[in-house]
Structure formats: structure tokens, C-alpha cells
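Coordinates in review
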Amino acid sequence: MFKCIRQLSAASQRSVVPRLSAKCHSNARSNSPTYTPLLDLVGTRQDQARRSVLVQVAGPNSALDLVSYCHEQFGDVESLHYFNNKSSNNFTHFFVVNFSDKRTVNSILDSAQHRAGDGMSATPVPVYSPFLWLQGGKVSRNINKFKKVPVDYGHGAISEQKIQTMSDVSEQMYHLWQRTDMTDTSLRLRFLVCRQLELAIAGMFPHAQVLPFGSAINGFGTCESDQDMVLDLDNPDRERGDESRLVFQAKGAVYGGDKAQVQRHCEELANIIQSFLPGCQDVQKILNARVPIIKYTQELVGLECDLSMSSSSGLHMSCLLHLWGHMDWRVRPLVATVRRWARSVGLVREMRPTPFFTNFTLTMLVICYLQTVGMLPTYSQLSDLATESDS
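Read on for a plain summary of the structure. (Residues numbered from 1 in each chain as written. Predicted model: local features only at pLDDT ≥ 70, side-chain atom pairs only at ≥ 80, totals over all residues. Heavy atoms only, no water.)

In this section: the overall build of the chain. Within the chain, the secondary structure is distributed over eleven helices and ten strands. In terms of overall dimensions, the chain is globule-like: its C-alpha atoms have a radius of gyration of 23 Å, near the 21 Å expected for 391 residues. Considering the chain as a whole, with its 391 residues, one finds that 41% of them fall into the buried category. Within the chain, contacts between residues at least 6 apart in sequence are counted, and of these 66% link residues at least 24 apart. Distance between charge centres in the chain, computed from 39 positive and 37 negative side chains, equals 4 Å. (Helix = DSSP H or I, 4+ residues; strand = E, 2+ residues; numbered from the N terminus. Rg over C-alpha atoms; globule rule 2.2 N^0.38 Å. Buried < 20%, exposed > 50% of the residue type's maximum accessible area, 1.4 Å probe, protein only. Contact = heavy atoms within 4.5 Å. Lys, Arg positive; Asp, Glu negative; His and termini not counted. Charge placed at Lys NZ, Arg CZ, Asp CG, Glu CD.)

Taking 1.5 Å of rise per residue, 19 residues should cover 27 Å, and helix H7 (residues 258-276) covers 27 Å from first to last C-alpha, within 8% of that figure. Looking at the packing, one finds that the buried side of H7 touches helix H6 (184-200), strand E7 (227-232), strand E8 (280-286), strand E9 (293-298) and strand E10 (303-308). (Expected span 1.5 Å × (residues − 1).)

Attention now moves to the sheet that holds strand E6 (residues 209-213). The sheet built from five strands is open, its strands ordered E6-E7-E10-E9-E8 with mixed pairing. For this open sheet the edge positions go to E6 and E8, each flanked by a neighbour on one side alone. Within the sheet, the average angular offset between the axes of one strand and its neighbour, ignoring direction, is 25°. (Pairing = 2+ DSSP bridges. Axes fitted to C-alpha atoms, helices over the stretch in contact; angles between N-to-C directions.)

Topologically, isoleucine 273 is positioned in helix H7. Here isoleucine 273 falls in the buried class, since its relative accessible area comes to 0%. Each C-alpha atom, one on isoleucine 273 and one on aspartate 110, is 21 Å from the other, the two residues being 163 residues apart in sequence.

Moving on to the packing of aromatic side chains. In the structure shown here, the tally under the stated rule is seven aromatic pairs. For the ring pair phenylalanine 83 and phenylalanine 94, a centre distance of 6.2 Å and an interplane angle of 35° mean the geometry is tilted. A residue pair is termed long-range when its members are at least 10 positions apart, and phenylalanine 83 in strand E2 (residues 77-84) and phenylalanine 94 in strand E3 (residues 93-99) qualify at eleven residues. Overall, phenylalanine 94 belongs to the buried group, its relative accessible area being 1%. Ring centres of tyrosine 174 and tryptophan 177 lie 5.7 Å apart, and the angle between their planes is 55°; this geometry places the pair in the tilted category. One end of the pair, tyrosine 174, and the other, tryptophan 177, are both in helix H5 (residues 169-180), three residues apart, so they sit about a helical turn from each other. Its relative accessible area of 4% is what places tyrosine 174 among the buried residues. The exposure class of tryptophan 177 is buried, given its relative accessible area of 4%. (Phe/Tyr/Trp six-rings, centres within 6.5 Å; stacked < 30°, edge-to-face > 60°.)

Right, here's the structure in full:
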């Protein structure tokens, strides 16, 4: 696979980010002639999240019961996606239920019940959230007619033992990467985590959006990657009507400048996450960092989350890495191999901050090397090729 590294010769002369409708086959061992920009993919995933809920069930065999109930009570179900949360003993089996219409999700959230108190402890917080669980009840008589609804249980990856027996190193690198590459279900879960935060503050900030960035979406992550997110309280790209003479009354800025205001906002949001959002545990406020962040564990989906409010540079870097990673199909397996090797010899460790390498620095080193041998274009070359549509 990597025995012959050829110079990139098929770069677009009109734009480095062609807007073509064909799907990029990211797992195929060939270069696709089309590319979908990362922000376009993010928009598609956001739409999926608005049409989805995460439902805890008794086990993977609950699929038909769940889909028949949701379809008969609320609306058309497009697909189910099974998730086995191996990081928790209490929250184990889930399905992401994807509907045809986001109004169906609104109906579900309007009609869903809140768990009653047991009389011994405090009543659970009656929060409005896309994270639900399916309680026992009467099973539909027409359950079998819903067998045609697609259910994704994940693909069966080749075992590491079998990979070790492969004689070709390139084959080993490719299949090791496929074993850990981000799955469709994992991406759906990550955008539902973002959606949970958006809904939590939608009353005051109806146009707020939470965007994942970093390894969660740049094409180099795994299902175990942390969830990095940035919150924008008012989406600047949303469509607006003619300029209005009416202006919202608003709180004045916090004394101390932009950073002090971000610190204050992070502190208030962290309290909301800790007190009200289901599954959010171990909330930490790291307010004096260069970029203030909120760290927490979302135990329902087994993710370690970092939320910031002041910097979108991580999202822009994710777009750039996504572009490089999809210019040649060999890039991401090579990066995954180098990361695995570095971890095995102790060059990468979990402590933060760290004097050791991180996955990000290793990724950039690999990309820098591939640029020096002509396999990937440099940033300046991309800039020269860019058009107005790439801004």
C-alpha cells in the first residue's frame, strides 16, 4: 500500500473543495474523484440528530418492539442503529432511532413521561432531552411488518489475531485502521450529545449550535476518541430577513473583557450540565486555561467531553485535516499505524497537560512528511488553488 508514494497529480485546477453530489467512498482502497466538504457533512449530521432520539432498551432483541411502537405512535422510522455501551454496567443497550421528519421527534419529546419518584429519594429532574428509555408495555400485534426497517448492528471487523497472521504489512495497516475507524453509529451519538446541549439552552438561545471538532469528525478519530465541542450562542450563518429596526434588549458585557465573559458563561453552563442534563457526570470547570473549557463525562454514550465557547480554530483545523485525509486513501491508515506504534512505545500518554506527543502532533508530523515527499499538497498550494467557494 505504501511501497510507492506517488506525487499528487490529480488536484483540481478550479477548486480544492469541489461541490459534487456523489458520495466519497472513504473506506475503499482507491481515491474518489469527488469530495464533500466537512462542514457540508456536519450539516447533514446535524439534520440527522434533529430527526433522532437515543433510547435505552433491554437488549439488542428489542429492535422490533421499539420500531413498531415508535412507528405506530409517532411516525415513520427510517432506521435503527444499535449501540452497546461497554463503559457502563447500568446503561448498556441503546438504539439511535432515526425518523423521517424532525416533527416526529418534537411529538415524542412532548409526549414522553418523566419517571415518578419512589417516595424515598428526590424526584428526578423533569428535563427535556433526546435521551430516553423504553419501559415495558404491550407489544404491537403487527410487529412483524416492521422487519424491513433497517437495523445497523455494526460491522464485524477482522480480529487482531487474524490480522497478525497476514504476511503483507500494508494489509495489516489497512485492516487495523478499519477495526478502529469511526463508525456511522458513533458519529450519530456524537451529534446527539451536541443536540442535548442545544435543547438545554434553546429557551434563551434558540439559534445556538454546538459543533463537534477534532478527532470526532476530522476523519482521523476512533470510536474511543474524546468529544471536543464548541458552542456558538447565535449561529452567524443562519438566514435572516430584512434588517429590522427592532433590537433585543441584552445584558451588558462582563467587566474584564471577552475572556472574563467566556469564563462567566462557561461557569453558568457547567452548572446547568451538572444539575440538569441526564448522563452528564464529573463536570469540571477549567476556566483559567488559554481557552476556558468545561470537561464532563457523558456516561449514557461513554464519551469524555470537552466544551468550549470562545474559539473556532479547532473546527477550521478539522476542515483542513479532513481535506488532507481524503486526498489519498492511504493517509488515514498510515496515521492510525503511527499513532498505535507511538502509544505502544510510550510516546503518547493520557495525562493532560503532557510533555509527550499527542495524537494531534503525530498526525501533523505524518502529514508534514507526506507533503515533503509530494503525496499531499502543502497549505500554500491549497491556498493558491482555492476559489471563493472554498472560503
